[in-house]
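Okay, here's what each chain looks like letter by letter:
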Amino acid sequence: MELDETRGNYMKLSKGLNRLLTVLYLRRKRVEWSGEVPDIDMRRPPKFDLTGSGRLVLGSGVKIFTRLGHSLFQVSDGAVITIGDRAVLNSVHWIHAEKEITIGPHALVGPGVSIIDSDMHPKWPGDNRAPQPVGLGWNCWIGMGSSILPGIEIGDHSIVGASSVVTKSISPKTMVAGNPARILRSFECPDNWIREHCTGE
Ligand SMILES: CC(C)(COP(=O)(O)OP(=O)(O)OC[C@H]1O[C@@H](n2cnc3c(N)ncnc32)[C@H](O)[C@@H]1OP(=O)(O)O)[C@@H](O)C(=O)NCCC(=O)NCCS
C-alpha cells in the first residue's frame, strides 16, 4: 500500500472515531445539534460544560475549540443558547443564558469571551430587571477577552476588538473596540462574505 494511501486511511479512521466520540460526548451533555456533527477535538481535554436544564443547540458543522481553556455554557430552565451553522467558538470563557442567546452562522468568537443575557444580581432592593436576549449576527467576529452584556445585538459581519466591553448594540459591518466599546469605523463587504479563520494549530 502506498504511504499516501495509508495516511489517507488513517486520517479517515481517526476523523470517524473523533465524530463518534463527539456524538457520545454531546449526548451525555444533553447538547442538541442539527446537520453535520460539530467539530470538537476529542483528543484534548478540557472541553466544555453545560449546566442548568435549558437547551444548547448547535447548528451544522459548528466548531468548538477549547485548547486555550475550558468553556462553560449555563442555560437556565426554559432558556436557550443557539449557535449558528459553522460558527467557531475558540475557548470561549462563559455563555450564560436565562432567556436567549443566539450566535449567528459563521460567527467567530475568540478566547476568553463572555456573553450574558442577565445581570444576575439586583443592583439594589426591588431591582429585578428581566433577562434581555442577546444576538450576535452572521459572520461577526468577537475579539479575545471581550464581554457582551444583556440586551446587545451585534450586526452581521461586525467586529469587536480585543478586550472590549460591549454596552450598546452595534450596526452591521461596523468595527468597535474599547471599554465601553466605541465605533472605530464601518466597512463594506458583500452580504454573503465569510471571514476566514485560523485556530493557531
Ligand atoms: C479590532 C482590531 C482588529 C482593529 O485592528 P486595526 O483596524 O488594525 O485597528 P488600528 O490598530 O488601526 O486601531 C484603530 C484605533 O482603534 C484603537 N483600538 C484598536 N483595537 C483596540 C482595542 N481592542 N481596544 C481599544 N482600542 C483599540 C487603536 O488604538 C486606534 O486608536 P487611535 O486611532 O486613537 O490610534 C484589532 O485592534 C484587534 O483587537 N485585534 C485582535 C483581534 C483578536 O482578538 N484576535 C484573536 C482571535 S479572536
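1. A short note on the overall build of the protein chain
Part 1: When its secondary structure is counted, the protein chain shows one helix and 20 strands.
Part 2: Against the compact-globule benchmark of 17 Å for 201 residues, the protein chain has a radius of gyration of 18 Å, which places it among compact chains.
Part 3: Projecting the C-alpha coordinates of the protein chain onto the three principal axes gives extents of approximately 70 × 40 × 25 Å.
Part 4: Looking at the protein chain residue by residue over its 201 residues, the buried ones come to 37%.
Part 5: Considering only intrachain contacts with a sequence separation of at least 6, the fraction spanning at least 24 residues in the protein chain is 35%.

2. Examining the pairing of strand E3 (residues 48-51)
Part 1: Side chains of E3 alternate between two faces, with Phe48 and Leu50 buried and Asp49 and Thr51 left unburied.
Part 2: Where E3 meets strand E6 (residues 71-75), four bridges bridge the pair, whose relative direction is parallel. Note on E6: the bridge partner recorded for Asp49 is Leu72.

3. So, the pairing of strand E9 (residues 94-97)
Part 1: With four bridges connecting them, E6 and E9 associate as parallel partners. Among the inter-strand pairings, Phe73 is bridged to a residue of E9, identified as Ile95.
Part 2: Where E9 meets strand E12 (residues 114-116), three bridges bridge the pair, whose relative direction is parallel. Bridging from a neighbouring strand, Trp94 pairs with Ser114 of E12.

4. A few points about unusual backbone geometry
Part 1: The step from Asn179 to Pro180 runs through a cis peptide bond, and the omega angle for that step is -5 degrees.
Part 2: Secondary-structure assignment places Pro180 in the loop between strand E19 (174-177) and strand E20 (182-186).
Part 3: Although it is not a glycine, Arg30 adopts a positive phi angle of roughly 65 degrees.
Part 4: If you trace the backbone, Arg30 turns up in the loop between helix H1 (3-28) and strand E1 (32-33).

5. Side note on the sheet that holds strand E16 (residues 153-154)
Part 1: Sheet architecture is open: six strands sit in the order E1-E4-E7-E10-E13-E16, paired in parallel fashion. Two strands close off the open sheet at either side, each with one partner strand: E1 and E16.
Part 2: Note: strand E4 (residues 55-58) against strand E7 (residues 80-83), four bridges, orientation parallel. Counted as the bridge partner of Leu56 is Ile81 from E7.

6. Here we look at the nonpolar core
Part 1: In terms of nonpolar packing, the biggest core is built from 43 residues, with Ile81, Val109 and Ile142 touching the most fellow members.
Part 2: Dropping the residues within four chain positions of it, Val109 is found in contact with Leu89, Asn90, Val92, Ile103 and Ile142.

7. Examining the environment of Gly137
Part 1: With respect to the helices, strands and loops of the structure, Gly137 is situated in the loop between strand E13 (134-136) and strand E14 (141-142).
Part 2: The spatial distance from the C-alpha of Gly137 to the C-alpha of Ala107 is 7.1 Å, given a sequence separation of 30 residues.
Part 3: Contacts of Gly137, omitting those with residues within four sequence positions, involve Gly104, Ile154, Gly155, Asp156, His157, Ser158 and Pro172.

8. Notes on H1
Part 1: With 26 residues, H1 should reach 38 Å at 1.5 Å per residue; the first-to-last C-alpha distance of 37 Å fits that figure.
Part 2: For H1, a buried count of two out of 26 residues is recorded, marking the element as mostly open to its surroundings.

9. Notes on the sheet that holds E12
Part 1: Spatial strand order, E3-E6-E9-E12-E15-E18: six strands in an open sheet with parallel pairing. The open sheet has two edge strands, E3 and strand E18 (165-166), and neither has a second partner.
Part 2: Sheet analysis places E12 next to strand E15 (residues 147-148), joined by two bridges and oriented parallel. Across the sheet, Ile115 pairs through a bridge with Ile148, a residue of E15.

Definitions and limits used
Residues numbered from 1 in each chain as written. Predicted model: local features only at pLDDT ≥ 70, side-chain atom pairs only at ≥ 80, totals over all residues. Helix = DSSP H or I, 4+ residues; strand = E, 2+ residues; numbered from the N terminus. Rg over C-alpha atoms; globule rule 2.2 N^0.38 Å. Buried ≥ 20, exposed ≤ 12 C-beta atoms within 10 Å, placed from the backbone. Contact = placed C-beta atoms within 7 Å. Pairing = 2+ DSSP bridges. Core = buried A, V, L, I, M, F, W, Y, C linked by C-beta atoms within 7 Å. Expected span 1.5 Å × (residues − 1).

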